[in-house]
Amino acid sequence: MSPDSLDSLDGFLRTVRDDLGLDVDTPAGADAALADLPGWDSLNLLRLVALLEESGHRVPVHRLLEAHSLRDIHILVKEHG
């Protein structure tokens, strides 16, 4: 995954879908509550943290834990570039 692939919301959702294996609609899935995403759990959150760090995005984990949707997480990714 290139860091550029996370810049757009569509690219971020595609990465979540492809790398985490989650069935996320683009872009409608961006606003779904994380708890309502099929397959979303704490393990996938940790996998997402690892993917973000590998791509150079060091988002504070406590901020990720406060996120309610994938859009919220994408905003954090862009803020912490």
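All values derive from a computational prediction rather than experimental measurement. (Residues numbered from 1 in each chain as written. Predicted model: local features only at pLDDT ≥ 70, side-chain atom pairs only at ≥ 80, totals over all residues. Heavy atoms only, no water.)

**Comments concerning helix H1 (residues 9–20)**
- In this model H1 runs 16 Å from its N-terminal to its C-terminal C-alpha over 12 residues, within 8% of the 16 Å that 1.5 Å per residue would give.
- For H1, the set of buried residues is Leu9, Gly11, Phe12, Leu13, Thr15, Val16 and Leu20.
- Among the structural elements, helix H2 (42–54) and helix H4 (70–79) are those in contact with the buried residues of H1. (Helix = DSSP H or I, 4+ residues; strand = E, 2+ residues; numbered from the N terminus. Expected span 1.5 Å × (residues − 1). Buried < 20%, exposed > 50% of the residue type's maximum accessible area, 1.4 Å probe, protein only. Contact = heavy atoms within 4.5 Å.)

**Things to note about the nonpolar core**
- Counting 24 residues, the largest nonpolar core has Phe12, Trp40, Leu70 and Ile73 as its most contacted members.
- Looking at this core, the elements that each hand over two or more residues are H1, H2 and H4.
- Residue contacts for leucine 70: discarding those within four places in its chain leaves Phe12, Leu13, Val16, Val24, Gly29, Ala30, Ala32, Leu34 and Leu37. (Core = buried A, V, L, I, M, F, W, Y, C linked by side-chain atoms within 4.5 Å.)

**Observations concerning H4**
- Within H4, burial applies to Leu70, Ile73, His74, Leu76 and Val77. All buried residues of H4 lie within an arc of 160° about the axis, which places them on one face of the element. Structural note: H4 exposes Lys78 and Glu79 on the side pointing more than 90 degrees away from its buried face.
- On its buried side, H4 packs onto H1, H2 and helix H3 (61–66).
- With a side-chain oxygen positioned 3.4 Å from the backbone nitrogen of arginine 71, the residue opening H4 is serine 69. (Arc of directions from axis to C-beta. Polar contact = N/O pair within 3.5 Å; in protein donor to acceptor, adjacent residues only side chain to side chain.)

**Looking at the confidence of the model for the protein**
- The pLDDT averaged across the protein works out to 89; a share of 95% of its residues lies at or above 70.
- The weakest mean pLDDT in the protein belongs to H1 at 92; the strongest belongs to H4 at 95. (pLDDT = per-residue confidence, 0-100.)

**Side note on the packing of H1 against H2**
- At their nearest, the axes of H1 and H2 sit 11 Å apart, and the two run at 120° to each other. The two elements H1 and H2 cross, and the hand of that crossing is right-handed. Residue-level inspection shows Phe12, Val16, Asp19 and Leu20 of H1 in contact with H2, the latter providing Asn44, Arg47, Leu48, Leu51 and Leu52.
- Of the residues assigned to the contact of H1 with H2, the class counts are six nonpolar, one polar and two charged. (Axes fitted to C-alpha atoms, helices over the stretch in contact; angles between N-to-C directions. Left-handed = near helix turned anticlockwise from the far one by under 90°. Nonpolar A, V, L, I, M, F, W, Y, C, P; charged D, E, K, R; others polar.)

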